[in-house]
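Given next are the chains, with one letter for each unit.
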Amino acid sequence: MEDLRGQEAEILAGVESLARQCGDLMRQRSKDLQNHEIHFKDPKNLVTEVDLACEARLIQGLGALLPAAGFQTEEGLVPGRDYGLRWVVDPLDGTTNFVHQLPMVSVSIALVSAQSVNLGVVYAPFQDEMFTALRGQGAKLNGQPLRVSRPQALGDALLATGFPFHRFGRMESYVEVLQSLMRQCRGLRRMGSAAIDLAYVAAGRFDGYFEFNLQPWDVAAGLLLVQEAGGQVGSIRPTYDPLDGREVLAAPTGLYPVLEALLAQADREKGA
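Residues numbered from 1 in each chain as written. Predicted model: local features only at pLDDT ≥ 70, side-chain atom pairs only at ≥ 80, totals over all residues. Heavy atoms only, no water.

## Quick notes on the sheet that holds strand β14 (residues 231-234)
Ordered by their spatial adjacency, five strands build an open sheet running β12-β11-β13-β15-β14, and the pairing between neighbours is mixed. On the outer flanks of this sheet lie β12 (187-189) and β14, each paired with one strand and no other. Here the strands of the sheet are splayed against their neighbours by 15 degrees on average, with no regard to which way each runs. Pairing analysis gives four bridges linking strand β13 (residues 208-212) to strand β15 (residues 247-252), with the strands arranged antiparallel. Bridged to Tyr 209 within β15 is Ala 250. Packing of helix α5 (residues 194-202) onto the sheet brings it into contact with β11 (158-161), β13 and β15, and relative to β13 it is tilted by some 155 degrees. Here helix α6 (residues 216-228) sits on the sheet in contact with β14 and β15, set at roughly 145 degrees to β14. (Pairing = 2+ DSSP bridges. Helix = DSSP H or I, 4+ residues; strand = E, 2+ residues; numbered from the N terminus. Axes fitted to C-alpha atoms, helices over the stretch in contact; angles between N-to-C directions. Contact = heavy atoms within 4.5 Å.)

## Topic: helix α2 (residues 49-65)
For α2, which comprises 17 residues, the first-to-last C-alpha distance of 24 Å matches the rise-based estimate of 24 Å (1.5 Å per residue) to within 8%. At the N-terminal end of α2, a side-chain oxygen is found 3.2 Å from the backbone nitrogen of Val 50, two or three residues along, and the residue is Thr 48. (Expected span 1.5 Å × (residues − 1). Polar contact = N/O pair within 3.5 Å; in protein donor to acceptor, adjacent residues only side chain to side chain.)

## Here's the deal with the nonpolar core
Side chains that are nonpolar tend, in soluble globular proteins, to be buried together. Formed by 39 residues in total, the largest nonpolar core has its most connected members in Phe 131, Leu 198, Tyr 209 and Leu 225. Apart from residues lying up to four places away in sequence, Phe 131 is in contact with Gly 120, Val 121, Val 122, Lys 140, Leu 141, Leu 146, Ala 199, Tyr 200, Ala 203, Arg 205 and Leu 225. Counting 29 residues, the second-largest nonpolar core is a separate cluster that includes Leu 12, Leu 62, Leu 66 and Ala 69. (Core = buried A, V, L, I, M, F, W, Y, C linked by side-chain atoms within 4.5 Å. Buried < 20%, exposed > 50% of the residue type's maximum accessible area, 1.4 Å probe, protein only.)

## So, the pattern of salt bridges
Oppositely charged side chains are able to pair whenever their charged atoms sit close together. This structure, assessed with the given rule, holds four salt bridges. The residue Arg 27 makes a salt bridge to Asp 24 at a minimum N-O spacing of 2.3 Å. Linking Arg 27 with Asp 24, this pair stays in helix α1 (residues 8-29), spanning three residues, or about one helical turn. Classification of Arg 27 by relative accessible area gives partly exposed; the value is 26%. For Asp 156, the salt bridge is made with Arg 186, and the minimal N-O distance between the two is 3.5 Å. Here Asp 156 is found in the loop between β10 (144-145) and β11, whereas its partner Arg 186 is found in the loop between α4 (171-184) and β12, with 30 residues between them in sequence. (Salt bridge = Lys/Arg side-chain N within 4 Å of Asp/Glu carboxyl O.)

## Some points on the packing of aromatic side chains
We describe a pair of aromatic rings using the distance from one ring centre to the other and the angle between the two ring planes. Throughout the structure, instances matching the rule amount to two aromatic pairs. Aromatic side chains Phe 131 and Tyr 200 sit 6.3 Å apart centroid to centroid with 50 degrees between the ring planes, which places their arrangement in the tilted category. Of this pair, Phe 131 sits in strand β8 (residues 129-134) while Tyr 200 sits in helix α5, and the two are 69 residues apart along the sequence. Here Tyr 200 falls in the buried class, since its relative accessible area comes to 9%. (Phe/Tyr/Trp six-rings, centres within 6.5 Å; stacked < 30°, edge-to-face > 60°.)

## Topic: α6
Each α-helix turn comprises 3.6 residues. Residues three or four places apart therefore point the same way. In this model α6 runs 18 Å from its N-terminal to its C-terminal C-alpha over 13 residues, within 8% of the 18 Å that 1.5 Å per residue would give. Counting buried residues along α6, twelve of its 13 residues qualify, which places the element largely inside the surrounding structure. Listed in full, the buried residues belonging to α6 are Pro 216, Trp 217, Asp 218, Val 219, Ala 220, Ala 221, Gly 222, Leu 223, Leu 224, Leu 225, Val 226 and Glu 228. At the C-terminal side of α6, Gly 230 shows a positive phi close to 95 degrees.

## Remarks on the packing of α1 against α2
Where α1 meets α2, the closest approach of the two axes is 10 Å, and the angle between their N-to-C directions is 165 degrees. In terms of orientation, α1 lies roughly antiparallel with respect to α2. Crossing geometry of α1 relative to α2 is assigned as right-handed. Seen from α1, the contacting residues are Ile 11, Gly 14, Val 15, Leu 18, Gln 21, Cys 22, Leu 25, Met 26 and Arg 29; seen from α2, they are Glu 49, Val 50, Ala 53, Cys 54, Arg 57, Leu 58, Gly 61, Leu 62 and Leu 65. Of the residues assigned to the contact of α1 with α2, the class counts are twelve nonpolar, three polar and three charged. (Parallel < 35°, antiparallel > 145°, perpendicular 65-115°, else oblique. Left-handed = near helix turned anticlockwise from the far one by under 90°. Nonpolar A, V, L, I, M, F, W, Y, C, P; charged D, E, K, R; others polar.)

Okay, here's the thing in structure tokens:
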């Protein structure tokens, strides 16, 4: 962050504080979910009062930290005075989990300049786990350094993915991949929060993660976590930027090309 050099630690501390505030709100409100108002963007896309309250708090707090930066959220892109510098924010990643009282939810906050993620924070409030990364300075979990795993082969790997809830055009190739991986890897998991999936790859809990049809705010912070923990991130098709969220693949460098080839082959065979 050349334009922010010397301020990184202060900004990161401020972001962590805001993430914790949102996490506190999630824990408080989770005790009284039946009285929450739930909105439906479409039949499978939920928004709660907690999503909206956390987003408002983050926009206010992050705006005070860096007044020149804009925002990229589900509501759209708001340019800042410093063109290209923006906060990419998901105030509650895993809303469906939250509504059903499943604890796998997170706050995801990234600071992006052009197409480079410079700061990433993913906070899992129900586990009180704070994943942080600054470009070129490594990734941490609650202050302790993170490293990706070192699986020897696909058969040793525990992988994570997410199931599409809309845009089902690539369903055949997706099912093909799942069938192949079920036979070859140690296991597959679906947590319901892309930010947590990526954070868990950075922590070495998952040996790889892939998903289609996401958004930048789902993945921005997690991509930096994986990179700074020594992993590799990208997309299945080289024409896509993983930061766009259309398709994301993250894994340790030794396993990445194996997963990339398998995913690409399924796409080709199904004509996706």
